[in-house]
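# Structure assessment
Here is how the chains run, residue by residue.
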Amino acid sequence: MSSSRWIVVAALAVVVGVSSITVASAQQRGRGGAGGRGMGMAPGADVLMMLTLEPVQKELKLTDAQTTTVREAGEQMQSEMRETFSGLQDLSQEERREKMQELRGEIEKKVKELRAKVDTTLDASQKDRLKQLVLQRRGVLQSLQDAEVATSLKLTDEQKKKVETLVAESRPGRGQGGAAAAGDGDRAAMRERFAAMQKERNEKALGILTAEQKSEFEKLQGAKFDFPAGRGGGFLPGA
């Protein structure tokens, strides 16, 4: 892999989360990849990536000015990630992992700033619909980890513990093999395998909820939206 390509993959692994981490793992053949276990997601990064998708922009009925702001925020995030990771390609895998852990705080700060910039351009109805799209895109398991969602659904302590257990079991390398098992270079197979894994996890997560909570969760997601496949959407959890 070229150094510039590695930088982009590594940056997305930290910024976007599990799906990118598994891609990095497959390409580097490392246990946990460049991100390693526990890198997780910079809060709000998936929302910024989602907003760069034209179908999402149309669904939110963004104005030309809003679309420009969203596009510039996405481009700035990717540019700053490349800059942040530009010196990592010469490090060993262990050194990369340690350095990326150190950089996490800086990354989260930048993403938070960009999210705030974008949020100020959206009106109330757009923000409400965006919340619904985010829940749909993240899927059940990731959504249940959100404090606001947990409160809305009135999750019990026992249910929260079950969610935590399922999250731990779902981490790359914990029995489900990760995307690496699909083989290097076969991105279609990797995507299909990851989608199947996500579907299984979400079904298990739904099983934690009562019938009433499931109904409420459906309401929180709003009208179903069909996300585009391929680049952009594929970097988001649930792809």
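Residues numbered from 1 in each chain as written. Predicted model: local features only at pLDDT ≥ 70, side-chain atom pairs only at ≥ 80, totals over all residues. Heavy atoms only, no water.

## Examining the overall build of the protein chain
Helix and strand content of the protein chain: eleven helices and zero strands. Put simply, the protein chain runs from its N terminus to its C terminus through helices and strands in the order α-α-α-α-α-α-α-α-α-α-α. By the burial criterion, 46% of the 239 residues in the protein chain qualify as buried. In the protein chain, once contacts between residues fewer than 6 apart in sequence are set aside, the share between residues at least 24 apart is 77%. (Helix = DSSP H or I, 4+ residues; strand = E, 2+ residues; numbered from the N terminus. Buried < 20%, exposed > 50% of the residue type's maximum accessible area, 1.4 Å probe, protein only. Contact = heavy atoms within 4.5 Å.)

## A word on the packing of helix α7 (residues 124-144) against helix α10 (residues 187-206)
Two numbers describe how α7 lies on α10: the axes approach to 9 Å, and their chain directions differ by 50°. By the criterion of interaxial angle, the relationship of α7 to α10 is oblique. The hand of the α7/α10 crossing is left-handed. Of the residues in α10, those in contact with Gly-139, Val-140, Leu-141 and Leu-144 of α7 are Arg-201, Asn-202, Ala-205 and Leu-206. Its residues assigned to classes, the contact of α7 with α10 shows five nonpolar, two polar and one charged. (Axes fitted to C-alpha atoms, helices over the stretch in contact; angles between N-to-C directions. Parallel < 35°, antiparallel > 145°, perpendicular 65-115°, else oblique. Left-handed = near helix turned anticlockwise from the far one by under 90°. Nonpolar A, V, L, I, M, F, W, Y, C, P; charged D, E, K, R; others polar.)

## Examining the nonpolar core
Ranked by size, the top nonpolar core spans 28 residues in total, and within it Leu-51, Val-56, Met-77 and Leu-130 carry the most contacts. The set of elements that each furnish at least two residues to this core consists of α3 (45-51), α5 (64-85), α6 (93-119) and α7. Among residues more than four places away in sequence, those in contact with Leu-51 are Val-56, Gln-57, Leu-60, Val-70, Val-118 and Leu-130. In terms of nonpolar packing, the next biggest core, distinct from the first, is built from 15 residues, Val-140, Ala-150, Leu-153 and Ala-205 among them. (Core = buried A, V, L, I, M, F, W, Y, C linked by side-chain atoms within 4.5 Å.)

## Concerning unusual backbone geometry
With a phi angle near 55°, Lys-61 is a residue other than glycine that sits in the positive phi range. Summarising the element assignment, Lys-61 is placed in the loop between α4 (54-59) and α5. The class for Lys-61 is exposed, based on a relative accessible area of 67%. The residue Lys-154 is not glycine, and still its phi comes out positive at about 55°. Among the secondary structure elements, Lys-154 is positioned in the loop between α8 (147-153) and α9 (157-170). A residue is classified by how much of its surface remains accessible, and Lys-154, at 69% relative accessible area, is exposed.

## As for the environment of Met-77
Within the element layout of this structure, Met-77 appears in helix α5. Of the residues examined, Met-77 reaches a relative accessible area of 2% and is grouped as buried. Taking the C-alpha atoms as reference, Met-77 lies 7.0 Å from Val-111; in sequence the two are 34 residues apart.

## Here we look at the side chain of Lys-110
Within the element layout of this structure, Lys-110 appears in helix α6. Setting aside residues up to four positions removed in sequence, Lys-110 forms contacts with Glu-80, Met-81 and Thr-84.

## A closer look at helix α11 (residues 211-221)
By the burial criterion, the buried members of α11 are Gln-213, Phe-217 and Gln-221. Each buried residue of α11 sits inside an arc of 80° when the element is viewed along its axis, so together they form one side. Summarising the geometry of α11, the exposed residues directed more than 90 degrees from the buried face are Ala-211, Glu-212, Glu-218 and Lys-219. For α11, the elements touching its buried residues are α7, α8 and α9. Looking at the residues trailing α11, positive phi occurs at Gly-222, about 70°. (Arc of directions from axis to C-beta.)

These values are about where atoms sit, not about what they do.
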